[in-house]
Amino acid sequence: MLTNTGRFIDRNPGIIPAGKLFNVSGETSGDCLQIPQRSARPETIRKFRGTTQPQAGKERVFYGRANDPDFASRIAHGVSTKSSLIAGDLVNPSRKSLFSQRMLDKKEGLYASRKNGPLGSCHEQRPGLPNGVGPTDLMLEFRLSKMVSAGEMVNPAKTATQVNDESLEGKNFTKLAIMTLMLVKWLIGSTTGEGYQKRASLA
């Protein structure tokens, strides 16, 4: 220590005691703000840190292939393609001649959508149907008779007494179903031994 020299034992000689000192090199604020230059890491350690803590802007590379040659940057993936159609030809195709249009109509005349029918009716659909079946000869549906309207289903014409009686009947059926289910579970447990264990634990 700088004061009381010889009276006390300095157990930390490497630490400068508190207080303001002058003309001390290496302990000024400028020296504290300077970042010391770190020594370069060995290549063996650098490849392991590149797997867990890569440097800023660097790719994360597994340490097993850190020293492998870089083939990926020289390989081009995919196939070489060339344009087959031009967008201008698709948007604004060239005009066809009258002969080309007649040939196209003849080739597409087999389709039913290209056939014309009388005014106000569809084209002839009989060629696409089975033999003996016409578009108006056979009906493949059945008629439904109107039984109850939607209003009667939502709000039936019943008195409050009838509604109360029906709810009581359903309540009794619910109780009976629950009791039957509990009885079945108890019987299954007694046959497998679980019911006996439960009764023994309760006793």
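Residues numbered from 1 in each chain as written. Predicted model: local features only at pLDDT ≥ 70, side-chain atom pairs only at ≥ 80, totals over all residues. Heavy atoms only, no water.

In its Subcellular location (unreviewed entry) section, UniProt records this for the chain: "Cytoplasm, Cytoskeleton". (UniProt positions renumbered as here; feature names shortened; annotations may be inferred.)

Right, let's get into the overall build of the chain. If you tally the helices and strands in the chain, you get seven helices and zero strands. When the helices and strands of the chain are placed in sequence order, the string is α-α-α-α-α-α-α. The buried share of the chain, taken over its 203 residues, is 2%. Long-range pairs, those at least 24 residues apart, make up 2% of the contacts in the chain between residues at least 6 apart in sequence. With an accessible surface of roughly 20,300 Å², the chain has 58% of that area assigned to carbon and sulfur atoms. (Helix = DSSP H or I, 4+ residues; strand = E, 2+ residues; numbered from the N terminus. Buried < 20%, exposed > 50% of the residue type's maximum accessible area, 1.4 Å probe, protein only. Contact = heavy atoms within 4.5 Å. Areas by Shrake-Rupley, 256 points an atom, 1.4 Å probe, with all protein chains shown as cover.)

Looking now at the environment of N67. By the secondary structure assignment, N67 is in the loop between α2 (43–52) and α3 (87–91). Since its relative accessible area comes to 55%, N67 is described here as exposed. Sequence spacing of N67 and E43 is 24 residues, and the spatial spacing of their C-alpha atoms is 9.6 Å. Those residues within four positions of N67 in sequence are excluded, and the remaining contacts are E43 and K47.

Nonpolar side chains collect at one region of the surface, where M147, V148, M153 and V154 lie side by side and expose about 510 Å² of accessible area between them. Along the chain, V154 falls in helix α5 (residues 150–154). Note on V154: relative accessible area 70%, which makes it exposed. (Patch = residues over 30% accessible without salt bridge, like charges linked within 9 Å, V, L, I, M, F, W, Y side chains within 5 Å. Salt bridge = Lys/Arg side-chain N within 4 Å of Asp/Glu carboxyl O.)

Quick look at the confidence of the model for the chain now. Low pLDDT means the predicted atomic positions in that stretch should not be read closely. Taken as a whole, the chain shows an average pLDDT of 77; of its residues, 84% reach a score of 70 or greater. When the elements of the chain are averaged for pLDDT, helix α7 (residues 194–202) gives the smallest value, 50, and helix α4 (residues 98–108) the largest, 89. (pLDDT = per-residue confidence, 0-100.)

If you walk through the whole model with that rule in mind, you get one salt bridge. Note that R46 and E43 form a salt bridge whose closest N and O atoms lie 3.4 Å from each other. Of this pair, R46 and E43 both sit in helix α2, three residues apart, roughly one helical turn. For R46, a relative accessible area of 38% translates into the label partly exposed.

This next bit is on the packing of aromatic side chains. Aromatic rings considered in pairs are described by the distance between their centres and by the relative angle of their planes. In the structure shown here, the tally under the stated rule is two aromatic pairs. For the pair F62 and Y63, a centre-to-centre distance of 4.4 Å together with 35° between the ring planes defines the contact as tilted. Each residue in the set F48, F62 and Y63 is aromatic and connected to the rest through ring pairs, giving one cluster. (Phe/Tyr/Trp six-rings, centres within 6.5 Å; stacked < 30°, edge-to-face > 60°.)

Next up on the list: the environment of R60. The residue R60 is located in the loop between α2 and α3 in this model. Considering only alpha carbons, one finds R60 and R49, 11 residues apart in sequence, at a separation of 9.4 Å. Residue contacts for R60: discarding those within four places in its chain leaves G50, T51, T52, Q53 and P54. Among the polar contacts made by the side chain of R60, one reaches the main-chain carbonyl oxygen of T51 at a distance of 2.8 Å. Polar contacts involving the side chain of R60 include one to the main-chain carbonyl oxygen of T52, which spans 3.1 Å. (Polar contact = N/O pair within 3.5 Å; in protein donor to acceptor, adjacent residues only side chain to side chain.)

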